[in-house]
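# Working through the structure, step by step
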Amino acid sequence: MAVRLGFIGCGGIANWHMNHLAGLKNVEMVAFCDTDKQRAAGAAEKFNKDAKVFRDYKQMYKEACFDAVYICLPPFAHEEQELIAARNGIHLFVEKPIALDMKLAKSVERAIAKSGVISTAGFQDRYLDTVARLKKELASNQPGLMMGYWMGGMPGVYWWRRKELSGGQAVEQTIHTFDMARYLFGEVKLVHAVSSKGLMKDVPKYNVEDASAVNLQFKSGLCGTIFSSCFAQVANRNGIDVWCKEVAYSYHERGALTIMRAGKDPLVVEQKNDYGTAIDKAFIDAIVKGDQSLLRSSYADAAKTLAVVLAANESMKTGQAVKL
Ligand SMILES: NC(=O)c1ccc[n+]([C@@H]2O[C@H](COP(=O)([O-])OP(=O)(O)OC[C@H]3O[C@@H](n4cnc5c(N)ncnc54)[C@H](O)[C@@H]3O)[C@@H](O)[C@H]2O)c1
């Protein structure tokens, strides 16, 4: 039997998921909700003309029948969408960042644990073949230093440039790099961050940092820094570099992994798999089999990554280190 899906938020990333899901045989997209009803109607037109279309998510939960929901909302818009799903036995795919405060994230985490629904978050980078290779390499090579980067321009959506709506770059965007750092190196115990502003004066209604540098101390003892910038039109550095004693790795965000062994030519491992379809398929498979372990991230795990980026924000504000 097909897994029936609802969508709350039918913007850019929702359509990315819908396109993957349309290629899976055991999926039916039955309900679309967006405060901009044209977007919900547009998704129905494209993916299932018989689907129900809503502007209000509470009405969608009352009037439509579905097994799982994709929550693809801007960061500020998370309210009770996840809680209602979990309390009603509806499985959850929540786009990152899953919330803008830990109180909401923790209450959803508890509701999911109580109901036992399958949950995941939009950290598709965990499904890259090059990341699997790097993780395997690190199992036998102890890292001594890591550096992560998300350099680039500013996304066009109106809410991104407002700190109170998006959380700022570390929370909204570089969260992928922070999550990858946790995935590769384990939990973070201390965060200390600094930031800069002043290069984006020509952008109306802009109040996020232009750049930040976030020092991390991992529980393993490893240290590192993750850099963000949204002003740079030359985005030549995205990903993670890791140095071990006899080998160094350079992972390019959603791309190749370069392995540099002492005294040898660098080995470039190209990225080949369709990681976008992989995360959506893993979610559907986990629902069908009732097996959370098929997923590389749960809502509870995503809450741990959220705690790190919110700690970075706090540290940028106060200038103090934050213990986790
Ligand atoms: N995993 C990834 O690589 C990735 C990439 C892009 C975006 N995202 C994340 O996905 C989320 C959405 O980003 P986007 O780029 O799709 O944004 P978007 O602005 O394109 O789409 C968001 C949609 O949500 C709708 N919306 C807002 N409030 C709503 C509400 N209360 N009820 C129903 N609909 C509502 C908006 O009208 C809009 O259509 C963000 O948290 C973003 O960080 C993840």
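Conventions used here
Residues numbered from 1 in each chain as written. Predicted model: local features only at pLDDT ≥ 70, side-chain atom pairs only at ≥ 80, totals over all residues. Helix = DSSP H or I, 4+ residues; strand = E, 2+ residues; numbered from the N terminus. Contact = placed C-beta atoms within 7 Å. Domains from an automatic or database assignment. Nonpolar A, V, L, I, M, F, W, Y, C, P; charged D, E, K, R; others polar. Near = placed C-beta within 6 Å. Buried ≥ 20, exposed ≤ 12 C-beta atoms within 10 Å, placed from the backbone. Core = buried A, V, L, I, M, F, W, Y, C linked by C-beta atoms within 7 Å.

Examined against the element boundaries, Val108 turns out to sit in helix α5 (residues 102-115). Separated by 195 residues in sequence, Val108 and Ala303 place their C-alpha atoms 9.6 Å apart. Those residues in contact with Val108 that sit more than four places away from it in its chain are Glu82, Leu83, Ala86 and Tyr299.

When the domains of the protein chain are assigned, the result is domain 1 (3-123 + 276-296) and domain 2 (125-273 + 307-323). Here domain 1 and domain 2 have C-alpha centroids that lie 27 Å from each other. Each side of the interface is counted separately: domain 1 has eleven residues, and domain 2 has 17 residues. Of the residues contributing to the side of domain 1 that touches domain 2, the split by class is nine nonpolar, no polar and two charged.

All right, on to the site of the ligand then. Close to the ligand lie 25 residues; Gly9, Gly11, Gly12, Glu95 and Gly122 are nearest. The biggest single contributor to the shell around the ligand is helix α1 (residues 12-21), with three residues. Here the residues of the shell around the ligand sort into 13 nonpolar, six polar and six charged.

Here we come to the environment of Phe54. Looking at the element boundaries, Phe54 is found in strand β3 (residues 52-54). Taking the C-alpha atoms as reference points, Phe54 and Met151, separated by 97 residues in sequence, lie 37 Å from one another. When near neighbours in sequence (up to four residues on either side) are disregarded, Phe54 contacts Ala31, Cys33, Ala40, Gln59 and Met60.

The step from Lys96 to Pro97 runs through a cis peptide bond, and the omega angle for that step is -20°. With respect to the element layout, Pro97 can be found in the loop between β5 (91-94) and α5. For Lys205, which is not a glycine, the phi torsion comes out positive at approximately 60°. Following the sequence through the fold, Lys205 ends up in the loop between β8 (188-196) and β9 (211-218). Since 8 C-beta atoms lie within 10 Å of it, Lys205 is described here as exposed. For Arg254, which is not glycine, the phi dihedral falls at a positive 55°. Within the fold, Arg254 resides in the loop between β12 (247-252) and β13 (257-261).

Counting residues in each nonpolar core, the largest one holds 88 residues, and the members touching the most others are Leu5, Phe7, Phe32 and Leu92. The element best represented in this core is helix α11 (residues 299-318), accounting for eleven residues. Mapping this core onto the domain boundaries places at least three of its residues in each of domain 1 (3-123 + 276-296) and domain 2 (125-273 + 307-323). In contact with Phe32, not counting residues within four places along its chain, are Phe7, Cys10, Ala40, Ala43, Ala44, Ala51 and Val53.

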